[in-house]
Amino acid sequence: MVIWKPCIAAINCYDELPSNPDLPADQLLTDSELKKTPLFETHLAADARMVPFGGWSMPVQYPSGIIAETRSVRERIGIFDVSHMGRFEFTGTGAVAFLDTVLSAHVAALKPGRSKYHIICNEQGGIIDDAIVYRLEEDRCLLVVNAANAEADMDWIRPKAAEFGDVVITDTTISTGMIAVQGPEAVQIIDDLSDGTASSIRRFRVGLVEVGGIECLAARTGYTGEDGFELMPSASDVAGLWNTLADAGAAPCGLGARDVLRLEAGLMLHGNDMTVDNNPYEAGLAWTINLDKPDYIAGDALGRIAAEPTERVIAGFKMTGRAIPRHGMPILEEDQQIGTVTSGTHSPTLDADIGMGYVPRRLADEGTEILISVRGRNVPAIVVDIPFYRRT
Amino acid sequence: MNPEELRYSKEHEWVRVDGDTATVGITRFAADQLGDVVYVDLPDAGGDVEQFGKFGEIESVKTVSDLFSPVGGSIVEVNETLKDNPEKVNEDTYGDGWLLKIAISDQAQLDNLMSAEAYESHTAE
């Protein structure tokens, strides 16, 4: 067999041979150069298939497979090792005011114990990353960013923080771990394991709880479209917490299922669906931006971009012909290329083939017929609203 | 894990020979590499295929691969059940997950294939 058609995102590429020149650089790292989460041995013992992702060795799937893992999360409960995500604490009297200069969210308006999904934009309004900021205390915030971007994010942020003053940045990526617990049974199971304390943390809030006797920062956030928590214990407790959750019935899930779940839920992946070459308005992320706060580094650029409709916009589509759209495939109107697929997959939940990509605004309305060029074959698709899946 | 009585290609297909008829599928190794199979695109019965020629595509949730026939000849039957139940390729790789039946044009082609043992060392590389 020859694996076809490389795709850019590491997560879509796990079957590519290492000799493929189109692969991102981190695919070429040797095993010993890849970072390992505190659950690395746990994944190996469970026969997970490990792949390089964002400089880390991560499980793409367990023997149960992507479809079964996706189903576990939609119907019951699944757990994901997301310890590779970058975690940075910002403390000091200047922390909140500083973050308001570099993040699109209005951090000063967040009460302690609350969080906000947002984007990090450069001075030109290009999207460097998307992230969640948690205000833990008055002068203490946690920023959780994509693993693949963590270094670049901090290279951009650190000098600005030093110049701003009164802010200390602590990288807690290694000293802590992170497990996402997602699915319709997740809140109940975590509540049972925490003597009924976890469920008092409502959506997008964060607090300290003991889960199975292990102290964790518990955030009611996730990347699957289901309810649940992201639990952050100290690194030495991660394996114990993972086993506790698995014993309680949670299915271990890999990056493959995580990618399917997030795409079904219409959640974007930085590096695929948005890059530094995209502005947040064409990416449908205007709702994450606060332009009213003072001294926001991207404020002027974003204000100019917001003043008129963008030429292109991200659209979701569903294949009407039989084919799975993949990152990088051309989107056509008749025989003219009008865009490129940024993410695509087979959705086991919807039993459909779905994708996203940027198209001219006039072609972004629901019901518009487009074509996806699949290895030289033009396959019909129809524009649909995002999210593809919404929990009931 | 790979049945002794079968012959294998470098491209990770297996062939079971019964007289002049060869049943063709993908190996356990290939099925595991692909993960959950979602689509199998097969040709119509009646056509010809060359040894090591492309005859279709197989697609899983995360990846897609070409299919190459380990033997040449005329296609006498394709596994129509895979249209609705592609998961059979994962579940019963050497049985119900077969792809094609081929009337072998030349038995000497089988000399170009590997034994189970040779295939296992091929995949161990």
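The structure displayed is predicted, hence computed values, not measured ones. (Residues numbered from 1 in each chain as written. Chains lettered and ligands numbered in written order. Predicted model: local features only at pLDDT ≥ 70, side-chain atom pairs only at ≥ 80, totals over all residues.)

### A look at the overall build of chain B
Within chain B one finds 3 helices and 9 strands. In chain B, the order of α-helices and β-strands from amino to carboxyl end is β-β-β-α-β-β-β-β-β-α-β-α. For chain B, the C-alpha radius of gyration of 13 Å lies close to 14 Å, the compact-globule estimate for 125 residues. Seen through its C-alpha atoms, chain B measures out along the principal axes to roughly 35 × 35 × 20 Å. The buried share of chain B, reckoned over its 125 residues, is 43%. Pairs at least 24 residues apart make up 63% of the contacts formed inside chain B by residues separated by at least 6 positions. (Helix = DSSP H or I, 4+ residues; strand = E, 2+ residues; numbered from the N terminus. Rg over C-alpha atoms; globule rule 2.2 N^0.38 Å. Buried ≥ 20, exposed ≤ 12 C-beta atoms within 10 Å, placed from the backbone. Contact = placed C-beta atoms within 7 Å.)

### A short note on the sheet that holds strand E9 (residues 100-104) of chain B
All names here are of chain B. With antiparallel pairing, 6 strands are arranged side by side in an open sheet as E1-E2-E3-E9-E8-E5. Every other strand in the sheet has two partners, leaving strand E1 (7-8) and strand E5 (48-49) as the edge strands with one partner each. Both E5 and strand E8 (residues 73-78) contribute to a ladder of 2 bridges, which runs antiparallel. When the bridges of E8 are listed, Asp48 appears paired with Ser74. (Pairing = 2+ DSSP bridges.)

### Here's the deal with the pairing of strand E11 (residues 214-219) of chain A
Residue and element names in this part refer to chain A. Where strand E10 (residues 206-211) and E11 come together, 6 bridges link them in antiparallel fashion. Bridged to Val211 within E11 is Ile214. In this structure, E11 lies alongside strand E12 (residues 228-233), joined through 4 bridges in antiparallel fashion. Within E12, the residue paired with Ala218 across the bridge is Leu231.

### A few points about the environment of Pro184(A)
Residues and elements named next belong to chain A. Relative to the helices and strands, Pro184 is located in the loop between strand E9 (179-182) and helix H5 (186-193). Accessibility expressed as a C-beta count within 10 Å gives 16 for Pro184, which makes it partly exposed. Separated by 60 residues in sequence, Pro184 and Gln124 have C-alpha atoms that sit 40 Å apart. What Pro184 contacts, discounting residues up to four positions off in sequence, is Glu75, Arg76, Glu226 and Asp227.

### As for helix H7 (residues 255-264) of chain A
Within H7(A), 10 of the 10 residues are buried, leaving the element largely enclosed by the surrounding structure. Of the residues trailing H7(A), Gly266(A) is marked for its positive phi of about 75°.

### Points about the nonpolar core
Within the largest apolar cluster, 142 residues are counted, with the highest numbers of intra-cluster contacts made by Leu99(A), Val133(A), Cys141(A), Ile179(A), Val181(A), Ala218(A) and Ile372(A). In this structure Ala218(A) touches Ala198(A), Ile201(A), Val206(A), Gly207(A), Val209(A), Phe229(A) and Leu231(A), once residues within four positions along its chain are discounted. (Core = buried A, V, L, I, M, F, W, Y, C linked by C-beta atoms within 7 Å.)

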